[in-house]
Structures are given as C-alpha cells and as structure tokens.
Amino acid sequence: ADMAELLAAHPVQTPYLVHGLLRRGEIMGIVAPPKARKSFLVSDLALSCATGTEWHGHFGVEKGRVLLIDNELTDNELAVRSRAIMGTRGITADDVRGALYTRTLRNSDRGVDSIIRSLEKSPPFDLIIFDALYMFLEKGMDENSNADMTCLLRKFRRLAARTGCCVALVHHTAKGSQANKDPIDAGSGAGAFGRALDTLVTLYRHEEDDYFVAHYRQRSSAPRPPLGLHWRYPCFTDALHLDLDAIYVPGKRKVEE
C-alpha cells in the first residue's frame, strides 16, 4: 500500500480490550507450569471481560462478549470453578448472562479448523479463550516443529482478523527449570509459539509457595515490568511485596532467614 494511503486509513491505534496488554484483533498467549492454575487465571479473565472489571486487581478490561473453549474440564468442573471465582469476586449469574459463553470439548474430536469455521459464522465475540493449546494440535502435528506451530498460530490469527476478536491461547511451559529462560522461550515446544504472539504472559513459580512472577512481552504496547502474583483459591491477586528475582529452581532449597 502507498504509505500516505496507509496513514490515512489508520489515523489511530487499535483500541485495547485489556488495557496496556491486549488490543482488539490480537493474539495473546498465557504460559505457565503444569498445574499452576492457568485455567483459573483465564476463567478470571473471561469474567473480567464479561463484566468490564479489572483482571486480578491490576489490568482494566473492556466489557464484551466472551467465549471460553475448554478441552480439559467437564461441564461440572468448569461450573464449580467459575462459581467459586464469581463468589469471591461478588459476580452473579445475572451479571454475566448473555455475555459469557462456554464450550467444553473434553470428549469431542472436533478439529481446530471446524471450530474456527463455526466461530467465523457465529455472532461475534470480543474475546475467545482456547484452553489448552496442546489439545488443539491436529494429527501429525508436532509441538516441537516451528512449521507446525506457525501453521496453527496462523489459523488463530485469521480468526482474530476476520472477526475482530482477541484470541487467548493457554499453553504450558517446557519440562525442567525455567528460571534462566527468556519468557519467549519458556513455552513447551517450538520457539515459533512465543514469537508469533502479539502479547505473551509468562508465569514463573516463585521460591515462596503459591506465589508467581508474571512477565509480559508485547508487540504493540509499551513494555511492562514483571508483576508478583499470589494464588489463594480460587483467584490470583497482586503481591507487591514479592522479590521478583527469587524464581524457583527445582532442587534448590529456600534460604531460611
């Protein structure tokens, strides 16, 4: 495109859905160790967007229609977890009626192409969360293949581009210690995953039990410093006192003061 025409067509930057973190039409990855309560974290995000309230007490979120696609939990377990988070946050079923939808695919064999085609034809959503990414790998795909992961990420990019929604992908870290890894390289499998995203949120375990350090990498937003998080069932909250450099290393004991 002619640069003058490009500038005229885009006088302002695309607005945020999650303030300072995720713009409309972008792809976000949330990476954390196995069993680090990633599903609770993204359920909390879904509720924040459906109600237009802050996410874990730090990020403002615009109110919008949300779809949470979960391929690990049963309907019952998803309901139990959501009810617990809603109770803690003072959110009622009426507050999210018509704004938050779920699809559980635990016992489904639907492929990602079929899911995306149906979403492109459905009423638009502002945020679609896919939890967890590894369950959307097609037969023959290799998580460690940059070509395969790039192909998969392109599918989610097209969904965001065609519908204008934000897409959030939940992924797990690689095995072993992540303490010395850049957040972009912490995710399991090929490095293409971290590099293809517009926003990456990476959680590291802290030396203190039930505490985490969140790192943020963004393509189109100002850099953000790490943030300490405290897990206390069923929500994460800010932990402003936390030593953000004290990342947990397997086999290393905490020094007692």
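For the structure, check the block above.
Residues numbered from 1 in each chain as written. Predicted model: local features only at pLDDT ≥ 70, side-chain atom pairs only at ≥ 80, totals over all residues. Heavy atoms only, no water.

Participant: Any chance you could break down the overall build of the protein chain for me, citing the residues and the numbers?
Facilitator: For the protein chain, the helix and strand inventory stands at seven helices and 11 strands. Dimensions along the principal axes, computed over C-alpha positions, put the protein chain at roughly 60 × 45 × 40 Å. Residues counted as buried form 47% of the 257 residues belonging to the protein chain. Long-range contacts, defined here as pairs at least 24 residues apart, represent 67% of the contacts in the protein chain between residues at least 6 apart. Summing over all exposed atoms, the protein chain offers an accessible surface of approximately 13,000 Å²; the carbon and sulfur share of this is 49%. Each charge sign in the protein chain was given a centre, from 33 positive and 33 negative side chains, and these centres are 4 Å apart. (Helix = DSSP H or I, 4+ residues; strand = E, 2+ residues; numbered from the N terminus. Buried < 20%, exposed > 50% of the residue type's maximum accessible area, 1.4 Å probe, protein only. Contact = heavy atoms within 4.5 Å. Areas by Shrake-Rupley, 256 points an atom, 1.4 Å probe, with all protein chains shown as cover. Lys, Arg positive; Asp, Glu negative; His and termini not counted. Charge placed at Lys NZ, Arg CZ, Asp CG, Glu CD.)

Participant: Before we move on, could you go through the packing of helix H2 (residues 38-51) against helix H3 (residues 75-89) and cite the residues and values that matter?
Facilitator: Packing of H2 against H3 leaves a shortest axis separation of 10 Å and a crossing angle of 60 degrees. Put simply, H2 runs oblique to H3. As H2 packs across H3, the resulting crossing turns out to be right-handed. Residues Ser39, Phe40, Ser43, Asp44, Leu47 and Ser48 of H2 form the contact with H3, whose own contacting residues are Leu78, Arg81, Ser82, Ile85, Met86 and Arg89. (Axes fitted to C-alpha atoms, helices over the stretch in contact; angles between N-to-C directions. Parallel < 35°, antiparallel > 145°, perpendicular 65-115°, else oblique. Left-handed = near helix turned anticlockwise from the far one by under 90°.)

Participant: Describe the side chain of histidine 206, and please don't skip the residues or the numbers.
Facilitator: Secondary-structure assignment places histidine 206 in the loop between strand S8 (199-205) and strand S9 (211-218). Taking the relative accessible area as the measure of exposure, histidine 206 reaches 5% and is therefore buried. At a separation of 2.7 Å, a polar atom in the side chain of histidine 206 contacts the main-chain carbonyl oxygen of aspartate 243. (Polar contact = N/O pair within 3.5 Å; in protein donor to acceptor, adjacent residues only side chain to side chain.)

Participant: An account of the pattern of salt bridges is needed here, citing residue identities and associated values.
Facilitator: Side chains that differ in sign of charge can pair as their charged atoms come close. Tallied over the full model, the rule gives nine salt bridges. Of the charged contacts in the structure, one is a salt bridge between aspartate 94 and arginine 97, with a shortest N-O distance of 2.8 Å. (Salt bridge = Lys/Arg side-chain N within 4 Å of Asp/Glu carboxyl O.)

Participant: For the nonpolar core, give the residues involved together with the corresponding values.
Facilitator: In terms of nonpolar packing, the biggest core is built from 43 residues, with Val18, Leu21, Met28, Trp55, Leu127, Ile129 and Leu203 touching the most fellow members. Ranked by the residues each element gives to this core, the list is headed by H2, at eight residues. Those residues within four positions of isoleucine 129 in sequence are excluded, and the remaining contacts are Val42, Leu45, Ala46, Leu67, Leu68, Ile69, Ala168 and Val170. Counting 29 residues, the second-largest nonpolar core is a separate cluster that includes Ile27, Phe125, Ile128 and Ala192. (Core = buried A, V, L, I, M, F, W, Y, C linked by side-chain atoms within 4.5 Å.)

Participant: Could you give me a rundown of the sheet that holds strand S10 (residues 227-232), with the residues and numbers involved?
Facilitator: Taken in spatial order, the nine strands make up an open sheet running S5-S4-S6-S7-S3-S8-S9-S10-S11, and their pairing is mixed. Strands at the two margins of the open sheet, each flanked by one partner only, are strand S5 (100-104) and strand S11 (235-238). Recorded for the sheet is a direction-independent mean angle of 20 degrees between the axes of neighbouring strands. For strand S4 (residues 66-70) and strand S6 (residues 127-131), the ladder comprises five bridges, and the chain directions are parallel. Bridge assignment links aspartate 70 to a residue of S6, and that residue is aspartate 131. Running over the sheet, helix H6 (residues 146-163) touches strand S3 (27-32), S6 and strand S7 (166-172) and is turned about 155 degrees from S7. (Pairing = 2+ DSSP bridges.)

Participant: Which residues make up a negative patch on the surface, and what are the values?
Facilitator: On the surface, Glu208, Asp209, Asp243 and Asp245 cluster together into a patch of negative charge. Examined against the element boundaries, aspartate 243 turns out to sit in the segment after S11. (Patch = residues over 30% accessible without salt bridge, like charges linked within 9 Å, V, L, I, M, F, W, Y side chains within 5 Å.)

Participant: Hey, could you go over the packing of aromatic side chains for me, with residue numbers and the actual values?
Facilitator: Per the counting criterion, the structure on display carries 10 aromatic pairs. Consider the rings of tryptophan 231 and tyrosine 233, whose centres lie 6.3 Å apart with planes at 85 degrees: the pair is edge-to-face. A ring pair is formed by tryptophan 231 and phenylalanine 236, whose centres lie 5.1 Å apart and whose planes are at 50 degrees; its orientation type is tilted. Judged by its relative accessible area of 6%, tryptophan 231 falls in the buried class. Look at phenylalanine 236 and you get buried, because its relative accessible area is 2%. Following the ring pairs from residue to residue traces out a cluster consisting of Phe40, Phe212, Trp231, Tyr233 and Phe236. The positively charged end of arginine 23 is found above the aromatic ring belonging to tyrosine 16, 3.9 Å away from the centroid. In this arrangement the basic side chain of arginine 65 is found over the ring face of phenylalanine 125, its NZ or CZ atom lying 4.4 Å from the centre. (Phe/Tyr/Trp six-rings, centres within 6.5 Å; stacked < 30°, edge-to-face > 60°. Lys NZ or Arg CZ within 6 Å of the ring centre and 35° of its normal.)

Honestly, it's all geometry; don't read function into it.
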